[in-house]
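As a plain string of letters, each chain reads:
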Amino acid sequence: MEQTSVQRLARVLRVMVMIVFICNIIVLFFVPTLAAMFTENHWDGQTMERLLTGESVGFWLSFTIHSWNPVIWMMAAAGENQYWLVLSLFLLSCGVCTAAILWQAKRVLDTILKGDPFAMDNAKSMKRAAICCFLISGAALARLIWGLAYYQSVAPLLTYNALFVPIFLMAGLLCMVMSALFRQAAELKAENDLTI
């Protein structure tokens, strides 16, 4: 059976979504390390220099594994390096939600490739994506409020974090609308199939 132009586009998009999904999963492992690189006074200058110059892959890997040490996280929670802890938790939660959104996009594209875009599964996938968008918006709002208290100024209102709140809130609402449209289309298709 010959593919339609929509199915050809869906195949290309599916490949792109899977590439981004795999990259997202890989980067999640390095989030605490990358957060440490951009956090003041978390690691000494020599460590930063070795990481930034790419002295050795083994050092990068050992530094990353060290970043996942529960003792480091407990020390940060106790008051030392709170900024690193908040940044790491925020980026990890956003990364996990982004991976879930990408997986739901893959599921929708799979139904398009099968030639059945008006399936109830697509409505469920879009609803899951909406929930993930709302979670990212909530995490951004929590980090924004934390930043306002931590810095005791309005400077955090001028960061990307402040933009994440309305952007992902709107994306979540859009996904909810798409979910309702897919659900209604699936119901109409089921009715049509019964009458024929």
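All of these numbers come straight from a predicted model, not from anything done at the bench.

*Asks:* Is there a simple way to think about the packing of helix α4 (residues 70–77) against helix α5 (residues 82–114) in this case?
*Replies:* Pairs of packed helices are described in terms of their axes, by the angle between the two and the distance that separates them. Between α4 and α5, whose axes approach to 7 Å, the crossing angle comes to 115 degrees. Between α4 and α5 lies a crossing of left-handed hand. Contacts from I72, W73, A76 and A77 of α4 reach α5 at Q82, W84, L85, S88, L89 and L92. Considering only residue class, the contact of α4 with α5 consists of 8 nonpolar, 2 polar and no charged.

*Asks:* Mind showing me how you'd approach the packing of aromatic side chains here?
*Replies:* The description of two aromatic rings rests on the distance between their centres and on the angle between their planes. Counting across every chain of the model gives 11 aromatic pairs. Between Y160 and F164 the ring centres are 5.4 Å apart and the planes differ by 75 degrees, which places this aromatic pair in the edge-to-face class. Of the two residues, Y160 and F164 both sit in helix α7 (residues 160–195), 4 residues apart, roughly one turn of that helix. For Y160, a relative accessible area of 39% gives the class partly exposed. Owing to a relative accessible area of 25%, F164 belongs among the partly exposed residues under this scheme.

*Asks:* Can you walk me through unusual backbone geometry in this structure?
*Replies:* Even without being a glycine, Q152 presents a positive backbone phi close to 50 degrees. Summarising the element assignment, Q152 is placed in the loop between α6 (120–151) and α7. On the basis of relative accessible area, Q152 is assigned to the exposed category, the value being 71%.

*Asks:* Hey, could you run me through the side chain of N161 in this one?
*Replies:* Checked against the element boundaries, N161 lands in helix α7. Classification of N161 by relative accessible area gives buried; the value is 3%. When residues no more than four places from it in sequence are discounted, the contact partners of N161 are F90, A140, R143 and L144.

Analysis parameters
- Residues numbered from 1 in each chain as written.
- Predicted model: local features only at pLDDT ≥ 70, side-chain atom pairs only at ≥ 80, totals over all residues.
- Heavy atoms only, no water.
- Axes fitted to C-alpha atoms, helices over the stretch in contact; angles between N-to-C directions.
- Helix = DSSP H or I, 4+ residues; strand = E, 2+ residues; numbered from the N terminus.
- Left-handed = near helix turned anticlockwise from the far one by under 90°.
- Contact = heavy atoms within 4.5 Å.
- Nonpolar A, V, L, I, M, F, W, Y, C, P; charged D, E, K, R; others polar.
- Phe/Tyr/Trp six-rings, centres within 6.5 Å; stacked < 30°, edge-to-face > 60°.
- Buried < 20%, exposed > 50% of the residue type's maximum accessible area, 1.4 Å probe, protein only.

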